[in-house]
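# Summary of structural features
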Amino acid sequence: IHNLKYFKRTCGEIFELKAELNSDKKEKKKEAVKKVIASMTVGKDVSALFPDVVNCMQTDNLELKKLVYLYLMNYAKSQPDMAIMAVNTFVKDCEDPNPLIRALAVRTMGCIRVDKITEYLCEPLRKCLKDEDPYVRKTAAVCVAKLHDINAQLVEDQGFLDTLKDLISDSNPMVVANAVAALSEIAESHPNSNLLDLNPQSINKLLTALNECTEWGQIFILDCLANYTPRDDRESQSICERVTPRLSHANSAVVLSAVKVLMKFMEMLPKDLDYYGTLLKKLAPPLVTLLSAEPELQYVALRNINLIVQKRPEILKHEMKVFFVKYNDPIYVKLEKLDIMIRLASQANIAQVLAELKEYATEVDVDFVRKAVRAIGRCAIKVEQSAERCVSTLLDLIQTKVNYVVQEAIVVIKDIFRKYPNKYESVIATLCENLDSLDEPEARAAMIWIVGEYAERIDNADELLESFLEGFHDESTQVQLQLLTAIVKLFLKKPTETQELVQQVLSLATQDSDNPDLRDRGYIYWRLLSTDPVAAKEVVLAEKPLISEETDLIEPTLLEELICHIGTLASVYHKPPSAFVEGSRGVQHKRLPARAGSGESAESPDTVSTGGVSEAPPAVIPSQGDLLGDLLNLDLTPPTTTGPPPPTSSMQMGAMDLLGGGLDSLVGVLSNTMGASFGAPPAVMPGSFNAPVSGGLSDLFDLGGGVGMPMGAYVPPKTVWLPAMKAKGLEISGTFARRSGVVQMEMTLTNKAMSVMGDFAIQFNRNSFGLAPAGPLQVLTPFTPNQSIEVTLPLNTVGPVMKMEPLNNLQVVSQVFLATWKDIPNDNESQFQIKDCHLNSDAASNKLQGSNIFTIAKRTVDGQDMLYQSMKLTNGIWILAELKVQAGNPNYTISLKCRAPEVAQSVFQSYEAVLKN
């Protein structure tokens, strides 16, 4: 039909075609159908010829039949009533002696998406699924998936899904591959259907078919294998051994699908296994081979390699040279190679990498040069031993005086200063020489940050910042914000010399600016400087945290999901399918299995939890972004009266500004007969603000309701929350307890003043756990001098929530142990030693249970009792614990896993307090 004569247009064409289609001569009829298909291909409407074309179906000529079927697929939707005319021919063709015609008929019926025809398709499809010819069976298998997309209920009622499952055991490998492909597609659109119920027997059949089917059939089977979770490391190794030969396949899609299966099953292999090391070595050559393909395939391979390197850098650690950029690589390949080079950089190869990056920085492609310069900075941050060499390389590049190179170099040197403070500041003079050439906002902001941060080392820092201030309103917001902060820093370091400069910038930022961010920051600095310069210095000049080695690594949970999608669009976009696939398809989240022999498998909570526990949905544990990691910022230690407060970080200072200090801010005694008010923040931070938390740390709350105080439950002793000297004679001591299922604050109020007190009220500030009074504070009055009163205040957790620093209270609640140990990243696991504890495992379990920490399961491994425990804080944070108790050994080992790792230290201290009390 590629012949141009079929595409020529003539007057009265439809009429002529109609006459030719009804001709008695077969050749003339075939030529007419070809002309119809040609017209249809170029977009001409030939639907008027539908009855005439359908009449041509009654033929033994396979070529003519294919052309008619092609026409039918295109126009059946717009002519559903006419399409029914063809049904009898379809049914007849499904019983034709020629298997090609039988397969063609069932394929076409599946492609005609008309509801009226589907009911007629069922019987022919059932016959074709059990046809003696494998070509017909494999075509019918795909047809089931198409029919399911049109009418899922019909497919289920007719039992086609069961027939499809039976085809997985078919003797022909292509039938198996198509059955797997069809079931996978149906399962994707119905994630809860559990169609692919894989077991060792069916996996064995798939692996047998894998060696004999076509390359696309192999991809379907490999993708299906990737969804299977082996029972143990032996089965995992067996599957890996049978999949490994696919790594040498010529089709890159087969290679990537095989890599996906191996990456997933490697998770279950112990690292000390010889085969594990062998497998790592086998994975490198096929990945390297993919980089010799055309650029587009290289890019897809590089995006997948980027994920693999983040998960297992040891696979390609000796293959650095293959990622060196070639002169004729497209820019998208160059940038991806550069990214992988940085991920593979180590002390062993850093000299080689730096020499290569320095070469790239002299290229003509501006974007690539910028990325290369930034890469040098990232290497300095990642490999500490190379930092000096990287800084020297950057200084050499600055000396080239190429504008965009200089600007990128200054941006990355700022990051190096953040990573290695007080180490490379000698280069500041060289940077200042290039001040006038900076015209990009990011470079100008970086230079301003450097000048402000090291103002005490730069003699003319005020002049340099003043030069930027001249065109303040023309600068970008990024530069304006940085300039404001830098001048405030300079003022705090050299107040006498820069008073006019700071007033000028504050005026520009607040009175002359329309930008709300800039204005807000200006007002905050103005208020800080005018009310408390000491506090301003604490905030603005606070010690900054070191920047991370790898700031652009993909979050571990997302990385695991992307590894499960190697070889798909998700691995190219570096986004989960749910982020770019519309509708119900692709929203199922995948995870790598737990490693054998690690704390996540052999001794993991999974293996000891009961059936009911494993059913628990992991979604109950909140994500990292939802966690509020700490509790009330109470002053729970005895008051300190001597010496100035210890230095605090900016975060602690911020908490102090919000709360004032101790309980006198959280619990405001609004009024009494003396007229004393305790809500105002004190001028200085109380000495106990940063002191180690005492017994109050172990406050254990039960929010289940209806449960009384268990025997032996630990209640921390009362400590002084508010000393009399800070509250005009009123002293408050207190603790928290659980009585009859209700959280209570138990306090002792002592009047150490010389007059009577009365009219008490209490108010809670916002806190991390939403604690608030469940009723009014009941205090018997009059409250005479030297009198002490016991007061109990019931609490609830429906108050406003706000994260506080530092963490100093813990609440736990009995909950079903969630089988999510392996779902929490390994980096979130903390291990502690509880020393000098002479309880056996049962006594420890009972004691912890008394404080509402419940043991879900217990097992004995190598003479050690393993207690698996869980607790839930009132703000929804779950903590999973594994307590190891060995007979005769007074030291316990506790491993804690949590989405908010900052609570681990406090949970450990709580365990200690309960077990040793």
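Residues numbered from 1 in each chain as written. Predicted model: local features only at pLDDT ≥ 70, side-chain atom pairs only at ≥ 80, totals over all residues. Heavy atoms only, no water.

## Examining the overall build of the protein chain
The helix and strand tally for the protein chain stands at 38 helices and 10 strands. A total of 917 residues make up the protein chain; the buried ones form 52% of that total. Within the protein chain, residue pairs in contact and separated by at least 24 positions form 69% of the contacts whose partners lie at least 6 positions apart. Accessible surface, the protein chain: about 41200 Å² in total, of which carbon and sulfur atoms supply 50%. (Helix = DSSP H or I, 4+ residues; strand = E, 2+ residues; numbered from the N terminus. Buried < 20%, exposed > 50% of the residue type's maximum accessible area, 1.4 Å probe, protein only. Contact = heavy atoms within 4.5 Å. Areas by Shrake-Rupley, 256 points an atom, 1.4 Å probe, with all protein chains shown as cover.)

## Some remarks on the packing of helix α1 (residues 13-21) against helix α2 (residues 26-41)
Interaxial distance between α1 and α2 falls to 8 Å at its minimum, and their mutual angle equals 145°. Between α1 and α2 the crossing geometry is left-handed. Contacts between α1 and α2 involve E13, L17, E20 and L21 on the former and, on the latter, K28, K29, A32, V33, K35, V36 and S39. (Axes fitted to C-alpha atoms, helices over the stretch in contact; angles between N-to-C directions. Left-handed = near helix turned anticlockwise from the far one by under 90°.)

## Details of the sheet that holds strand β4 (residues 772-773)
Pairing is antiparallel in the open sheet, where five strands are placed in the order β1-β2-β3-β5-β4. Two strands bound the open sheet, and with one partner strand each, they are β1 (719-722) and β4. (Pairing = 2+ DSSP bridges.)

## Examining the nonpolar core
Ranked by internal contacts, the top residues of the largest apolar core, which has 209 residues, are Y71, L72, L125 and F417. In terms of nonpolar packing, the next biggest core, distinct from the first, is built from 27 residues, A844, I853, L873 and V907 among them. (Core = buried A, V, L, I, M, F, W, Y, C linked by side-chain atoms within 4.5 Å.)

## Section: helix α14 (residues 215-225)
All of the buried residues in α14 are G217, Q218, I219, I221, L222, C224 and L225. Where α14 is buried, its residues meet α12 (173-189), α13 (200-210), α15 (233-243) and α16 (252-266).

## A short note on the confidence of the model for the protein chain
The predicted coordinates should not be examined in detail at positions where pLDDT is low. Taken as a whole, the protein chain shows an average pLDDT of 77; of its residues, 80% reach a score of 70 or greater. Across residues 597-711 the pLDDT falls below 50, and counting only partners more than four positions away or on other chains, this stretch makes 281 contacts in the model. Here residues 806-818 is modelled with pLDDT under 50, and outside its nearest four sequence neighbours on either side it reaches 81 contacts, counting other chains as well. (pLDDT = per-residue confidence, 0-100.)

## Points about the environment of E356
Secondary-structure assignment places E356 in helix α20 (residues 350-360). On a C-alpha basis, the gap between E356 and K321 in space is 9.9 Å, while along the polypeptide they are 35 residues apart. With residues near it in sequence (within four places) discarded, E356 still touches F324, V325 and M341.

## Considerations on the sheet that holds strand β10 (residues 892-898)
Read from one edge to the other, the open sheet built from five strands follows the order β6-β10-β9-β8-β7, with strand pairing classed as antiparallel. With partners counted over all chains shown, the strands left at the sheet margins are β6 (829-834) and β7 (854-861), one partner each. Ignoring strand direction, the axes of neighbouring strands in this sheet form an average angle of 20°. The strands touched by helix α38 (residues 904-916) within the sheet are β6, β8 (864-872), β9 (878-886) and β10, with β6 carrying the most contacts at an inclination of about 25°.

## A closer look at the pairing of β9
Of all nine residues making up β9, eight are buried, and the element is well covered by its neighbours. Here β8 pairs with β9 via nine bridges, running antiparallel. Residue pairing across strands places M871 opposite I879, the latter belonging to β9. Strand direction decides the pairing type here: β9 and β10, joined by six bridges, are antiparallel. Pairing of A881 across the sheet is with L896, part of β10.

## Concerning unusual backbone geometry
Despite not being glycine, K401 shows a phi value in the positive range, around 65°. For D836, which is not glycine, the phi dihedral falls at a positive 55°. Within the fold, D836 resides in the loop between β6 and α37 (841-850). For D836, a relative accessible area of 56% corresponds to the exposed category.

## Observations regarding the pattern of salt bridges
The full count for this structure, using the stated rule, is 29 salt bridges. Notably, a salt bridge pairs K260 with D223, separated by 2.9 Å at the nearest N-O pair. Taken together, the positions of K260 in helix α16 and D223 in helix α14 put the pair 37 residues apart, joining distant regions of the chain. Taking the relative accessible area as the measure of exposure, K260 reaches 5% and is therefore buried. On the basis of relative accessible area, D223 is assigned to the partly exposed category, the value being 26%. The network of salt bridges with shared partners includes R370, R374, E408, E440 and E442. (Salt bridge = Lys/Arg side-chain N within 4 Å of Asp/Glu carboxyl O.)

## Some thoughts on the pairing of strand β2 (residues 730-739)
Most of β2 sits inside the fold, with nine of its 10 residues counted as buried. Pairing analysis gives three bridges linking β1 to β2, with the strands arranged antiparallel. Along β2, the bridge assignment pairs V720 with S733. Looking at chain direction, β2 and strand β3 (residues 742-751) are connected through 10 bridges and run antiparallel. Residue A737 lies in a different strand from β3, and its bridge partner there is Q744. In this structure, the hairpin formed by β2 and β3 is closed by a connection of two residues, where S740 is found at a positive phi of approximately 55°.

## A look at the packing of α16 against helix α18 (residues 295-311)
Direction vectors running N to C along α16 and α18 enclose 10°, while the axes themselves pass 12 Å from each other. Put simply, α16 runs roughly parallel to α18. Residues S252, L256, V259 and M263 of α16 form the contact with α18, whose own contacting residues are L297, V300, N304, I308 and K311. Residues of the contact of α16 with α18, tallied by class, amount to six nonpolar, two polar and one charged. (Parallel < 35°, antiparallel > 145°, perpendicular 65-115°, else oblique. Nonpolar A, V, L, I, M, F, W, Y, C, P; charged D, E, K, R; others polar.)

## Some details on the packing of aromatic side chains
Applying the stated criterion across every chain yields a total of eight aromatic pairs. With centroids separated by 5.6 Å and ring planes inclined at 40°, the aromatic side chains of W721 and F736 adopt a geometry described as tilted. Separated by 15 residues along the polypeptide, W721 in strand β1 and F736 in strand β2 bring together distant segments of the chain. The exposure class assigned to W721 is buried, which follows from its relative accessible area of 2%. Ring centres of F832 and F908 lie 4.6 Å apart, and the angle between their planes is 5°; this geometry places the pair in the stacked category. Here the residue F832 occupies a position in strand β6, and F908 occupies one in helix α38, the gap between them amounting to 76 residues. (Phe/Tyr/Trp six-rings, centres within 6.5 Å; stacked < 30°, edge-to-face > 60°.)

## Let's talk about helix α28 (residues 499-510)
Its 12 residues place the ends of α28 17 Å apart at the C-alpha level, agreeing with the 16 Å of an ideal helix rising 1.5 Å per residue. Three or more residues of α28 are buried, namely L501, V502, V505, L506, L508, A509 and T510. (Expected span 1.5 Å × (residues − 1).)

## Some details on the environment of M85
Within the secondary structure, M85 sits in the loop between α5 (80-83) and α6 (87-93). Considered as a pair, M85 and N55 are 30 residues apart in the sequence and their alpha carbons are 9.1 Å apart.

## As for a negative patch on the surface
On the surface, E463, E466, E470 and E500 cluster together into a negatively charged patch. Looking at the element boundaries, E500 is found in helix α28. With relative accessibility at 68%, the residue E500 sits in the exposed group. (Patch = residues over 30% accessible without salt bridge, like charges linked within 9 Å, V, L, I, M, F, W, Y side chains within 5 Å. Lys, Arg positive; Asp, Glu negative; His and termini not counted. Charge placed at Lys NZ, Arg CZ, Asp CG, Glu CD.)

## Section: the state of the cysteines
Within the structure shown, the criterion is met by zero disulfides. Here C390 is not disulfide-linked; the sulfur of C379 is the nearest cysteine sulfur, at 5.6 Å. The exposure class assigned to C390 is buried, which follows from its relative accessible area of 0%. (Disulfide = S-S within 2.5 Å.)

## Looking at the side chain of D329
With respect to the helices and strands, D329 occurs in the loop between α18 and α19 (331-344). The class of D329 is buried, set by a relative accessible area of 10%. A polar contact of 2.9 Å, which involves the side chain of D329, links it to the backbone nitrogen of K326. A polar atom in the side chain of D329 sits 2.9 Å from the side chain of K337. Apart from the residues within four sequence positions on either side, D329 is in contact with Q298, K334 and K337. (Polar contact = N/O pair within 3.5 Å; in protein donor to acceptor, adjacent residues only side chain to side chain.)

## Topic: the environment of K493
On the secondary structure map, K493 appears in helix α27 (residues 477-493). Residue K493 is classed as partly exposed on the basis of its relative accessible area, which comes to 26%. Residues K493 and A455 lie 38 residues apart in sequence; the distance between their C-alpha atoms is 7.5 Å. Those residues in contact with K493 that sit more than four places away from it in its chain are G452, E453, Y454, A455, E456 and L541. One polar contact links the side chain of K493 to the main-chain carbonyl oxygen of E453, over a distance of 2.6 Å.

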